[in-house]
Each structure stands twice: as structure tokens, then as C-alpha cells.
Amino acid sequence: MVTPGAARLHLADGVPLLRPEEQVFEAMLDGWRNQQLARNLALSTINGRERKVRAFAAHADAFPWSWSSMLADEWFGDLRAVRGCVRSTLRGYQVAVRLFCDYATDPAYGWAAECERRFGTHPIQVCHEWNTAVPMQECEAEAPKRAFTRDELQTFFDHADDEVSRVRGRGRKGWLPAFRDAMLFKTAYAYGLRRNETRMLDTADFGRNPDGAEFGEYGICYVRHGKAKKGLPPKRRSVLTVWEWSVEIVDQWISEVRPAMRQVGHDHASTTSIYTCVSSDFRTRTLRRAPDATVEAALKPARRA
């Protein structure tokens, strides 16, 4: 005997629904979300899959218990032919719909029986081997895409450095962020980092390499936010320094440029207050308390020994 699953947890038994189709669909999505949370998947992954399933439901103009493989074929064809989705993007949509259908048709969750009772039909799996894309090779990038050549990389880095000089030469304060961006570009290429790995780097993520004493304090880059597998925390790894120029830019950033960046970024408190939502009345009262306290302390009679 199959015990009632998530369907009964999200829908009160015996209670009539005002909008049964919409409410049952939302309850199915809530249950699917909880199932993915239980698998320790990232919220970004869960939210992305839910958006894809909602997009399919909107395109099909039907709820899951009325979906068919033909509706899925039409949607997948529209994604490729009309919207121009690349292969990896199309497969992402297909995976989301397939996983949702797996959940909705699993007897352990009871949605098939619940839909049969309420609507006289039940959800089925609409994604199969004959209507979904299968990865056939490791690299799925389009042929025109390729890695930069050394000359192209040098040109890119030179342009980033020129932007720093150009902004600073005009006397504008934006040269610090421009220098930061140039340093990030070079660091990403020097250590082979992904975008998020580069973004999450901290000054403490560099250390000495006993076999590379010539690199000083920056012989190793400790990556703490590597790309994680499904349901696992970020993967950590260590990347050895191999370029002398990478040490120079990191050291210059940490020792010279980074200390010059103020936390708020304004010379006057009145400018900062615009962004921190501090009212003029609050500033007046705060400033007034300081001289009042000084005057009050001065007028108090001195204590006798």
C-alpha cells in the first residue's frame, strides 16, 4: 500500500479549493522545491528550474496533468528555431521539465492519485530519449568561440591598464575601481579562475609555496568558492603561481591601491548621508547633543575631595 505523500501535506484533505487547477499546480511546485532542498541543492538551481517549468506551463497553456510529449516537442522546437537557444540552454530546459515530471509521477508523493481524483487525469513523463538533447562530447561551445591568443590577451590587458591611466589623468576618482577591474582580469587568467571564484577572492587567499620561494607571499592561490557538484558545498582547490607578473599585480593591489579605497567613498558626511538615508533633522540633533553634553559637564560643580 502506498502511503499519501506530499500531496496531502500541501493540500488540506476534504477542503474545497477556490481555484483548484492553479492551487494544485502551486502545491506541486512547493513540494518539488522541498524535495530539492532536501537534496541540498543550491537555491539558484532550484529557482532556475522552477522558472523553466513555469515557462513550459505558460507556453503549453496547460497544467501538468494535461501535458503531453507533443506539447513538449512544440516547446523545445520553439526554443531552438524561434528563440535561438543554444544546445546547452535547451538541455537545461529539458532537464528541468523531466525532473519535475519525475517528481509529479512518483507514487511516493501521491500527486498522480490526487490529480486523478480532482481532475480525472494524472501527470505523465513528457521528456524521453527521443525528444531530448543528449551531450555527445565534452566541449559544446560553438565553433567560432576559441581561446584568446597571447597577443590578444596582451592587447586586452594593455587596454585595461590604459583605462586606469586615462581616468586618473582626467583627475576623476574612478581610477581605483578601474585598477581593481584590471587586476581582477589579470588574476582570473593567471590562476585559471571562474567568474565567481574570482569575485569571492580575499586577501587571505594567497600564501607561500615552499617550492616557489621566488613568489614570496603569493606562491599559492587558495580557491574557496569553486564550482560545486549537485548537492555539495563549494569545491576548494589550490592553484600554484607560475607567472612573476601575477605576483606584482596582486602585491601592488594589496599593499598600495586597496588601502586607498575608503569604505563609504565620500569626503563629506553630508554626501554619505544621501545614500545612508540620514535625515537633516537627525544630523542636527546628533550634532547638538555633543556641545550640550560638554556645556552640561562644565557647569556641574566640581566634586569635593
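Residues numbered from 1 in each chain as written. Predicted model: local features only at pLDDT ≥ 70, side-chain atom pairs only at ≥ 80, totals over all residues. Heavy atoms only, no water.

Peer 1: Tell me about the overall build of the protein, residues and numbers included.
Peer 2: The helix and strand tally for the protein stands at twelve helices and three strands. For the protein, the proportion of contacts with a sequence separation of at least 24, taken over those separated by at least 6, is 56%. Carbon and sulfur atoms form 54% of the exposed surface of the protein, whose accessible area is close to 20700 Å². (Helix = DSSP H or I, 4+ residues; strand = E, 2+ residues; numbered from the N terminus. Contact = heavy atoms within 4.5 Å. Areas by Shrake-Rupley, 256 points an atom, 1.4 Å probe, with all protein chains shown as cover.)

Peer 1: Describe the packing of aromatic side chains, naming the residues involved and giving the relevant values.
Peer 2: The tally for this structure, following the rule as stated, stands at 20 aromatic pairs. Pairing Phe206 with Tyr218 gives two aromatic rings, centres 6.0 Å apart and planes at 75°, and the pair type is edge-to-face. Placement of the pair is Phe206 in strand S1 (residues 206-207) and Tyr218 in the loop between S1 and strand S2 (220-226), with a sequence separation of twelve residues. Comparing Phe206 with Tyr218, the two get one shared label, buried. Cluster of aromatic residues (ring-pair linked, three or more members): Phe25, Trp32, Phe56, Phe63, Trp65, Trp67, Trp75, Phe76, Tyr93, Phe100 and Phe119. Its guanidinium or amino end placed over the ring of Tyr93, Lys52 lies 5.5 Å from that ring's centre, counting from NZ or CZ. The ring of Trp175 carries the charged tip of Arg168 above its face, separated from the ring centre by 4.0 Å. (Phe/Tyr/Trp six-rings, centres within 6.5 Å; stacked < 30°, edge-to-face > 60°. Buried < 20%, exposed > 50% of the residue type's maximum accessible area, 1.4 Å probe, protein only. Lys NZ or Arg CZ within 6 Å of the ring centre and 35° of its normal.)

Peer 1: Explain helix H8 (residues 175-191) residue by residue, including any values.
Peer 2: Over its 17 residues, H8 runs 24 Å from end to end, which matches the ideal 24 Å to within 8%, given 1.5 Å per residue. Among all positions of H8, only Trp175, Leu176, Ala178, Phe179, Ala182, Met183, Lys186, Thr187, Ala188, Ala190 and Tyr191 are buried. In this structure, the buried residues of H8 make contact with helix H7 (150-169), helix H9 (195-199), S1, S2, strand S3 (235-240) and helix H10 (244-257). Of the residues one or two after H8, Gly192 is the one with positive phi, at around 65°. (Expected span 1.5 Å × (residues − 1).)

Peer 1: If you had to explain the packing of H7 against H8 to someone new, which residues and values would you point to?
Peer 2: As a packed pair, H7 and H8 sit with axes 8 Å apart at the nearest point and diverge in direction by 165°. The angle between H7 and H8 falls in the class roughly antiparallel. Crossing geometry of H7 relative to H8 is assigned as left-handed. In contact with Leu153, Phe156, Phe157, Ala160, Asp161, Val164, Val167 and Arg168 of H7, H8 contributes Trp175, Ala178, Phe179, Ala182, Phe185, Lys186 and Tyr189. Its residues assigned to classes, the contact of H7 with H8 comprises twelve nonpolar, no polar and three charged. (Axes fitted to C-alpha atoms, helices over the stretch in contact; angles between N-to-C directions. Parallel < 35°, antiparallel > 145°, perpendicular 65-115°, else oblique. Left-handed = near helix turned anticlockwise from the far one by under 90°. Nonpolar A, V, L, I, M, F, W, Y, C, P; charged D, E, K, R; others polar.)

Peer 1: Outline the nonpolar core, supporting the account with residue identities and numerical values.
Peer 2: Core analysis: the largest hydrophobic core is formed by 32 residues, its most contacted members being Met28, Val53, Phe56, Trp67, Phe100 and Val126. Of all the secondary structure elements, the ones that give two or more residues to this core are helix H2 (20-38), helix H3 (43-60), helix H4 (69-81), helix H5 (87-105) and helix H6 (111-119). When residues in this core are grouped by element, the largest group, nine residues, is from H5. Setting aside anything within four residues of it in sequence, one finds Val126 in contact with Phe56, Trp67, Ser68, Ser69, Ala72, Val97, Cys101 and Asn131. Membership of the second largest hydrophobic core comes to twelve residues, among which are Val223, Val247, Ile249 and Val250. (Core = buried A, V, L, I, M, F, W, Y, C linked by side-chain atoms within 4.5 Å.)

Read these as geometric descriptors, not functional statements.
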